[in-house]
Amino acid sequence: MNKDERESKAVPISAEETQAAAEPQAVSSDATASTPAETTEETASAIEQLQEGTTEATSEPMTTIPLSEYEALKQELERAQQSEKAYFEGWQRERADFINYKKRIEREQSQLAETIAANILKKYLVIVDDLERALKNRPTNVDPQWLEGIELIYKKLMAILEAEGVKRIPAEGAMFDPNLHEAISHDESPEHESGQIIEVVQQGYTIGDRVLRPALVRVAR
């Protein structure tokens, strides 16, 4: 086929047909696209609806109750507060009672320990009495080294007693005190006042505030 035949078989297309063929595409494009103004209005409307929905979801309606029910709740609250106060005061009393009980037990235990110690130390006072009588009535021809050994034993024993809180009661020449002294006789003595101690027969001792043993004394009339 020559060039002239190919040109004769070509179908010409007019300008109108070309515009008609392009119109469906233009319509389709207009149907799916929207202008910026329309998009802004739709967005504002959606935000406004969302805010209204949120407000409706979060806000709660006011609740009203009858006056009688309110008074009943008020009275119940007052009773609960009174009960709470009573429980708290009761707890305070129980705590104070427990503290006093604890102090009393500690005091009793301390007194018991002092009593046991006093009873033990009181037995050593007999040895002290014997050593004092031995030193007081020592013979003239005693060996000085033996005498020095007895005095050393006596001093050690007194040091132990003093370390435990044992103290001698002042009695020689003092006025008679029935709380500290025990009179074994009342004698005439022009050299002493009435009620004054003439002689100490046996020394007395205290431990702390307690009398471990009263002093045996002779008292002037």
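Above this text you will find the structure in question.
What comes next is a walk through the structure. Just so you know, these numbers come straight off a predicted model, no measurement behind them. (Residues numbered from 1 in each chain as written. Predicted model: local features only at pLDDT ≥ 70, side-chain atom pairs only at ≥ 80, totals over all residues. Heavy atoms only, no water.)

1. Overview of the pattern of salt bridges
Within the structure shown, the criterion is met by eight salt bridges. Here arginine 133 and aspartate 130 are joined by a salt bridge, their closest N and O atoms 2.6 Å apart. Taken together, the residues span about one helical turn, with arginine 133 and aspartate 130 both in helix H4 (residues 67-136) at a distance of three residues. According to the relative accessible area criterion, arginine 133 is partly exposed, its value standing at 47%. Here the salt bridges do not stand alone but share partners, grouping Asp187, Glu199 and Arg218 into one network. (Salt bridge = Lys/Arg side-chain N within 4 Å of Asp/Glu carboxyl O. Helix = DSSP H or I, 4+ residues; strand = E, 2+ residues; numbered from the N terminus. Buried < 20%, exposed > 50% of the residue type's maximum accessible area, 1.4 Å probe, protein only.)

2. So, helix H5 (residues 144-163)
Between its terminal C-alpha atoms H5 stretches 28 Å, which fits the 28 Å expected from 20 residues at 1.5 Å a residue. Contacts from the buried residues of H5 go to H4, strand E1 (166-168) and strand E4 (205-207). Just downstream of H5, glycine 165 is the residue with a positive phi angle, here 95°. (Expected span 1.5 Å × (residues − 1). Contact = heavy atoms within 4.5 Å.)

3. As for the sheet that holds E4
Strand pairing in a sheet relies on backbone hydrogen bonds. The paired strands run either parallel or antiparallel. Across the sheet, three strands lie side by side as E1-E4-E5; this open sheet has antiparallel pairing. The strands lining the two open edges of the sheet, one partner per strand, are E1 and strand E5 (210-213). Between one strand axis and the next, the sheet turns by 35° as a mean value, whatever way the strands run. Pairing geometry for E1 and E4, over three bridges, is antiparallel. (Pairing = 2+ DSSP bridges. Axes fitted to C-alpha atoms, helices over the stretch in contact; angles between N-to-C directions.)

4. Structural notes on a nonpolar patch on the surface
Together, Leu112, Ile116, Ile120, Tyr124 and Ile127 line one region of the surface with nonpolar side chains, adding up to about 470 Å² of accessible area. Relative to the helices and strands, tyrosine 124 is located in helix H4. (Patch = residues over 30% accessible without salt bridge, like charges linked within 9 Å, V, L, I, M, F, W, Y side chains within 5 Å. Areas by Shrake-Rupley, 256 points an atom, 1.4 Å probe, with all protein chains shown as cover.)

Read these as spatial facts, not as claims about activity.
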